[in-house]
Amino acid sequence: MLKSSKRLNQQDKNLKMDNKDFLNPVGKNIPRIDGKGLVTGQTKYTFDMNLPGILVGKMLRSPHPHAKILKIDTSKAEQLPGVKAIITAEDTSKIKFGSNEYFFPHTVDQEALESQKVRYIGDEIGAVAAIDEKTADEAIKLIDVQYEILPAVFDAEEAMKPGAPQVHNHVRNNIGVMLPVNFGNAERGLQESDYVREDVFYCQSAAHACMETHTCVGQWETFSNKITLWISHQAPFKVREALAKCLKMNLNDIRVIKLASGGGFGGKLEMLPMDFSACLLSKKAGGVPVKICYNREEEFSFSRRKHSMIYKLKSGIKKDGTIVAITGEVIADGGAYCSYGPTVLAAATMRIFMVYKIPNLKITAYRIYTNNPVSGAIRGFGGVQSGFSIESHMDLLAQGIGMDPVEFRLKNITEPNMVTTNKMIITSNGLRECIEKATAASGWKQKHGKQQNICRGIGIGIAADVMGSKMYKSHESGGAIIKVEEDCSVYLFTGAADTGQGANTALSQIAAQELGISFKRIKCTAADTEITPFDTGSFASRVTFISGNSALLAARDAKQQILNVVAQEYQCQSEDLDIKAEQVIKKASNSVIISFEKAVELCYSFNYGTQVIGRGSFNPKTTPIDFRTGEGNVSGSYGFEAQIAEVEVNKETGEVKILKIWDAHDVGKAINPQSVKGQIEGSLIMGIGYSLYENLQFKNGRVVNPNFGHYKVPRSVGIPPMESILIETNDPNGPFGAKGMGEAALLPTAAAIANAIEDAVGIRLKELPFTPDKIIKALKGMTK
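Residues numbered from 1 in each chain as written. Predicted model: local features only at pLDDT ≥ 70, side-chain atom pairs only at ≥ 80, totals over all residues. Heavy atoms only, no water.

1. What about the overall build of the protein?
In terms of regular secondary structure, the protein is built from 21 helices and 32 strands. Computed over its C-alpha atoms, the radius of gyration of the protein comes to 27 Å, within 12% of the 28 Å expected for a compact globule of 784 residues. Overall, the protein is about 90 × 75 × 55 Å in size when its C-alpha atoms are taken along their principal axes. Within the protein, the fraction of its 784 residues that count as buried is 61%. (Helix = DSSP H or I, 4+ residues; strand = E, 2+ residues; numbered from the N terminus. Rg over C-alpha atoms; globule rule 2.2 N^0.38 Å. Buried < 20%, exposed > 50% of the residue type's maximum accessible area, 1.4 Å probe, protein only.)

Next comes the structure, spelled out in structure tokens:
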């Protein structure tokens, strides 16, 4: 209750902020732009849309994990009263789409509606639109599909063997993607090491578990031959691009409007067949809108999921703890289609260079096709799996030479202003301070290795993350427009998608700070492909860094236009002027020339008539990755963090109680500290779920726990205390020094908990999640 009261009191203070508190808003806990709408229930989600004549759409799915499509007969369904449209692959151009097309064209492997073969239970082969849900469901049942059943494969290691069923005929041994990362001479490094050990880790599949399921509304205007798609999504411009490709249309004939989002976490980063189908059904139905909404079982079974992984590591170190060489192999179950497979593998194998100085490394990662549901992007991409595996392995290496795990990490971590072995360019780097602050706050020296008598332990995990990832297009730019109206109100147009993280608020704070005005003047319009500038999307912790820089540049451009008019009027040089706290000032003396309002009035006056429209575009300076070796500077900056978990283990029941988690995070500069801490806490809770509860389970390709009754996630009751420690390193490339930080806090959580469990009761868990039965089994194994 005390914690809740403190939080409510802080919120009350934020709501009572004076007008002056909204000046210079960067670094302040500015209330969320969308906050009142969310808490009062007035915010409109895609599901809430109820346009005139709107129809209900349903997808026709395969009941088989692997089969040829011989014939689809829709005649009975067409005769059902209330059915307005039915589509199959014969109504499409049979064009394939994918998510990593620019660098990996061979991974473009999915049709909007499959025409020849189905590859998992739920594969989309058609869709219907009807006057209500009951009629649509009945129509789906009336469609007669004839299949030729094919052998299926559900285990990634089995799928790699010669003679295994081939999910895609053009792929050998079902290896959809292979990424080798190879630097130095790892084999020689192992030979020269004083201590060498091998470990194998097993990471389960998991669901995004968004409160809002996938929902879209599509309308094809027959009179203009243009499409509007309303959607909850993280990357509306990517959806537009995929729709245009599959429908053979121009980009400007398709408008994608992102509405409020009830969670994304990577699951809403792609066009899905439902999005395509809603638009095409609308056309066939004469232009009326069509809504398709997944139920909870469909969301668990047929959207996207986390890659399950087998992570093998063999490393060698010197007696003093210096890492000499690391070798390994990663096998990821990709399911039926490639989705974001290459990005996931890259994240699983290359993030280690951001964290540790490694002279010799050789890891090969394989993404394997199976007849399981499709694996795709989920918060952290492959970094969560690698975070658990690598950070657990690092503790074991330190243990092998009798070295404290914290000291071992401090000896090997990356530093500021360095180039890594694989040519990542690190500028600001607060990792050392993160480790030091987190260990001090948690009482590491007083607790580690000293609480086994009460079955308590403390563990550490560290991580790093990108600020965007140039793996999807030839560029990764974000754009923004600032429009200053005659009444001095200011519009910010950004293509970035706010999916609940508070991006619209943070970008507005950046714009207001640069323009020198009150935050209250800003109105933000975001993620509408027809009226906002292009933005790659909300993923890879890129929005604050990339979209924030574009908002800053647009505000700077608008400010310069105002200052040019003022300088002309007052016969001075514009470069000698600035706008601060709603006043145009002389930089040298800080003396006020004119108010912001009077300056805008001057711009729109008879003598000038200057419309103030600022433009900003930001594309981070990176280098392409050489996917034959893993070399390249993938991000314009990198964020770092250290995490400590303290646990208590019940030896009788196998239950793990997390007593507290400390997270020290290099955020560059906290644009909105309250939102930053909210992001960190959200990541930690996801990490707890992944570590202790969540496990998406399959039997012969079918999800067997497709509901919250059988798929466990953390609840609001029972969340442990969490302490967020913000480390501000003021990144030279970030807007006002800021970095992105949406994902990094999730990456080391499982390892920190696993390391703490071993510190508490002496067992090493290498398979997620850490369920009571696994702990009891491991404890019994100690006594044998």
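Additional details are given in the paragraphs that follow.
2. Let's talk about the pairing of strand S3 (residues 83-88)
Among the six residues of S3, five are classified as buried, and the element is accordingly described as predominantly covered. As paired strands, S3 and strand S7 (residues 124-130) are joined by five bridges and run antiparallel to one another. Within S7, the residue paired with valine 83 across the bridge is alanine 130. (Pairing = 2+ DSSP bridges.)

3. Some words on the packing of helix H17 (residues 543-570) against helix H18 (residues 596-603)
Look at H17 against H18: their axes get within 9 Å of each other, and the N-to-C directions meet at 85°. What the angle tells us is that H17 and H18 run roughly perpendicular. Two secondary-structure elements touch here, H17 through Ile562, Val565, Val566 and Glu569 and H18 through Phe596, Ala599, Val600, Leu602 and Cys603. Classifying every residue of the contact of H17 with H18 by side-chain character gives eight nonpolar, no polar and one charged. (Axes fitted to C-alpha atoms, helices over the stretch in contact; angles between N-to-C directions. Parallel < 35°, antiparallel > 145°, perpendicular 65-115°, else oblique. Contact = heavy atoms within 4.5 Å. Nonpolar A, V, L, I, M, F, W, Y, C, P; charged D, E, K, R; others polar.)

4. Let's talk about the pairing of strand S27 (residues 612-618)
Only one face of S27 is buried, namely the one carrying Val612, Gly614, Gly616 and Phe618, since none of Ile613, Arg615 and Ser617 on the opposite face is buried. Looking at chain direction, strand S21 (residues 478-484) and S27 are connected through seven bridges and run antiparallel. Each residue of the ladder has a partner; that of valine 484, found in S27, is valine 612.

5. Considerations on the nonpolar core
Within the largest apolar cluster, 129 residues are counted, with the highest numbers of intra-cluster contacts made by Tyr356 and Ile757. With eight residues, the top contributor of residues to this core is helix H20 (residues 749-761). When residues of this core are assigned to domains, at least three fall in each of domain 2 (55-150 + 214-293) and domain 3 (308-471 + 624-783). Apart from the residues lying within four places of it in its own chain, the contact partners of tyrosine 356 are Ile323, Ile390, Glu391, Met394, Arg409, Asn412, Ile413, Thr414 and Ile462. (Core = buried A, V, L, I, M, F, W, Y, C linked by side-chain atoms within 4.5 Å. Domains from an automatic or database assignment.)

6. Quick notes on unusual backbone geometry
Omega for the peptide link from leucine 768 to proline 769 comes to -10°, which places this bond in the cis form. By the secondary structure assignment, proline 769 is in the loop between H20 and helix H21 (772-783). You will see that glutamine 571, though not glycine, has its phi angle at about 55°, which is positive. Relative to the elements of secondary structure, glutamine 571 occurs in the loop between H17 and strand S24 (577-580). By relative accessible area, which is 75% here, glutamine 571 ends up exposed. Here asparagine 730, not a glycine, exhibits a phi torsion of approximately 50°, which is positive.

7. Some points on the confidence of the model for the protein
On average, residues of the protein score 96 in pLDDT, and 98% of them are at 70 or above. Note that residues 1-8 has pLDDT below 50 and, in this model, four contacts with residues that lie over four places away or in other chains. (pLDDT = per-residue confidence, 0-100.)

8. So, the environment of lysine 71
If you trace the backbone, lysine 71 turns up in strand S2 (residues 67-73). Separated by 44 residues in the primary sequence, lysine 71 and serine 115 have C-alpha atoms spaced 9.8 Å apart. Apart from the residues lying within four places of it in its own chain, the contact partners of lysine 71 are Asp144, Val145 and Gln146.

9. Concerning the domain arrangement of the protein
The assigned domain composition of the protein is domain 1 (5-31 + 477-618), domain 2 (55-150 + 214-293) and domain 3 (308-471 + 624-783). On the side of domain 2, 15 residues touch domain 1, which itself brings 17 residues to the contact. Across the interface of domain 1 and domain 2, roughly 1300 Å² is buried in total on both sides, 56% from carbon and sulfur atoms. Inspection of the domain 1/domain 2 interface yields two salt bridges. Arginine 255 is the partner of glutamate 530 in a salt bridge, and the nearest nitrogen-oxygen pair spans 3.6 Å. Remark: the boundary between domain 1 and domain 2 carries five residue pairs in polar contact (both at pLDDT 80 or more). Classifying every residue of the side of domain 1 that touches domain 2 gives six nonpolar, seven polar and four charged. (Buried area = accessible area lost by both parts, 1.4 Å probe. Salt bridge = Lys/Arg side-chain N within 4 Å of Asp/Glu carboxyl O. Polar contact = N/O pair within 3.5 Å; in protein donor to acceptor, adjacent residues only side chain to side chain.)

10. Side note on the packing of helix H7 (residues 236-247) against helix H8 (residues 273-284)
The contact between H7 and H8 brings their axes to 10 Å, and the two run at 55°. As summarised for this structure, H7 and H8 are arranged oblique, according to the angle between their axes. Judged by the twist between their axes, the crossing of H7 over H8 is right-handed. Here Leu243, Cys246 and Leu247 of H7 lie close against H8, whose contacting residues are Asp275, Phe276, Cys279 and Leu280. Its residues assigned to classes, the contact of H7 with H8 comprises six nonpolar, no polar and one charged. (Left-handed = near helix turned anticlockwise from the far one by under 90°.)

11. Describing the side chain of glutamine 385
Take glutamine 385: it is sitting in helix H12 (residues 383-400). At a separation of 2.8 Å, a polar atom in the side chain of glutamine 385 contacts the main-chain carbonyl oxygen of histidine 307. Among all residues touching glutamine 385, those that are not within four sequence positions of it are Cys203, Lys306, His307, Met309, Tyr311 and Tyr690.

12. Thoughts on the pattern of salt bridges
Applying the stated rule across the entire model yields 44 salt bridges. The partner of lysine 245 in a salt bridge is glutamate 101, with the nearest N and O atoms 3.0 Å apart. Linking lysine 245 in helix H7 with glutamate 101 in the loop between strand S4 (96-97) and strand S5 (110-111), this pair joins segments that are 144 residues apart in sequence. Linked through salt bridges whose partners overlap, the residues forming this network are Glu514, Arg556, Lys559, Asp578 and Lys580.

13. Details of the side chain of serine 477
Summarising the element assignment, serine 477 is placed in the loop between strand S20 (456-466) and S21. Looking at serine 477, its side chain comes within polar contact range of the side chain of histidine 475, at 2.9 Å. Not counting residues up to four positions away in its chain, the partners in contact with serine 477 are Phe534, Asp535, Thr536, Arg542, Ile546, Ser617, Phe618 and Asn619.

14. Concerning the sheet that holds strand S23 (residues 522-526)
Strand order in the open sheet made by the four strands is S23-S22-S21-S27, with mixed pairing throughout. Both edges of this open sheet fall to S23 and S27, since each of them pairs with a single strand only. For this sheet the average axis-to-axis angle between neighbouring strands, irrespective of direction, equals 15°. In terms of strand pairing, S21 meets strand S22 (residues 490-494) through five bridges, oriented antiparallel. Residue pairing in the sheet places isoleucine 482 in a bridge with leucine 492 of S22. Packing against the sheet, H17 makes contact with S21, S22 and S27, and its axis sits at approximately 150° to S27.

15. Description of the sheet that holds strand S16 (residues 323-335)
The strand order S9-S17-S16-S15-S10 describes an open sheet built from five strands, whose pairing is mixed. Both outer strands of the open sheet, strand S9 (175-183) and strand S10 (195-203), are each paired with one neighbouring strand and no more. Going across the sheet, the axis of each strand differs from the next one's by a mean of 5°, ignoring polarity.

16. Focus on helix H16 (residues 503-515)
For H16, which comprises 13 residues, the first-to-last C-alpha distance of 18 Å matches the rise-based estimate of 18 Å (1.5 Å per residue) to within 8%. Where burial is concerned, most of H16 is hidden: twelve out of the 13 residues are buried. Buried residues of H16: Ala503, Asn504, Thr505, Ala506, Leu507, Ser508, Gln509, Ile510, Ala511, Ala512, Glu514 and Leu515, and no others. Immediately beyond the C-terminal end of H16, within one or two residues, lies glycine 516, with a positive phi of roughly 80°. (Expected span 1.5 Å × (residues − 1).)

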